[in-house]
Amino acid sequence: MARRNISSGSAFEAEIGYSRAVAVDGWIMVSGTTGYNYQTGEISPDVAEQAEQTLANIDKALKEAGSCMADVVRVRYILPDRTEFPKTWPVLRRWFGDVQPAATMVQSGLMKEEMKIEIEVTARKR
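Residues numbered from 1 in each chain as written. Predicted model: local features only at pLDDT ≥ 70, side-chain atom pairs only at ≥ 80, totals over all residues. Heavy atoms only, no water.

Undergrad: How should a nonpolar patch on the surface be read in this particular structure?
TA: A grouping of Trp-27, Met-29 and Val-73 is seen on the molecular surface, where their side chains present a nonpolar patch of about 230 Å² in accessible area. Among the structural elements, Trp-27 can be located in strand E3 (residues 27–33). For Trp-27, a relative accessible area of 32% gives the class partly exposed. (Patch = residues over 30% accessible without salt bridge, like charges linked within 9 Å, V, L, I, M, F, W, Y side chains within 5 Å. Areas by Shrake-Rupley, 256 points an atom, 1.4 Å probe, with all protein chains shown as cover. Salt bridge = Lys/Arg side-chain N within 4 Å of Asp/Glu carboxyl O. Helix = DSSP H or I, 4+ residues; strand = E, 2+ residues; numbered from the N terminus. Buried < 20%, exposed > 50% of the residue type's maximum accessible area, 1.4 Å probe, protein only.)

Undergrad: It is not clear to me how the pairing of E3 should be interpreted in this structure. Could you clarify?
TA: Note on strand geometry: in a regular strand, side chains alternate between the two faces of the sheet. One ladder, built from four bridges, connects strand E2 (residues 21–24) with E3; its direction is antiparallel. Along E3, the bridge assignment pairs Ala-21 with Val-30. If you look at the hairpin formed by E2 and E3, you'll find two residues sitting between the two strands, and Asp-25 has a positive phi there, around 50 degrees. Across five bridges, the pairing between E3 and strand E6 (residues 118–124) is antiparallel. Of the residues in E6, the one forming a bridge with Thr-33 is Ile-119. (Pairing = 2+ DSSP bridges.)

Undergrad: Looking at this model, I keep getting lost on the packing of aromatic side chains. Mind explaining?
TA: The geometry of an aromatic ring pair comes down to the distance between the two centres and the angle between the two planes. One pass over the structure, following the stated rule, counts two aromatic pairs. Their ring planes at 45 degrees and their centres at 5.4 Å tell us that Tyr-77 and Phe-85 sit as a pair that is tilted. Comparing Tyr-77 with Phe-85 shows no difference in burial state: the two are buried. Arranged with centres 5.9 Å apart and planes meeting at 90 degrees, the rings of Phe-85 and Trp-89 form a pair that is edge-to-face. Here Trp-89 and Phe-85 lie together in helix H3 (residues 85–96), a separation of four residues that amounts to about one turn. On the basis of relative accessibility, which here comes to 13%, the residue Phe-85 falls in the buried class. Each member of the aromatic cluster is reached from another via a ring pair, and the members are Tyr-77, Phe-85 and Trp-89. (Phe/Tyr/Trp six-rings, centres within 6.5 Å; stacked < 30°, edge-to-face > 60°.)

Printed below as a string of structure tokens:
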């Protein structure tokens, strides 16, 4: 299967030189994604709202690659403040409660102060 790069139109992709997602050999790897609304450039100050927007951004990339959230097999959550992680759980359950992918949460600084969560996933293309 040929490699296919998928872009969200985020300014970060062009500035840094990466793709939102890459589809190859039946797999889709979605880059670390944050809660920016790519149409408006805005990001909520609320971690749960950021998680919701982040997963919507990931869902869009997966659909463009011919996959969906139900095909996610691995997820990594990155938060600068681990104490905020429980606030995202209701959102994460809505998106992944039936899928139950393998998951890891890491505490780490993110690129900009306003970013409260970054999520990356790997999905199998049906």
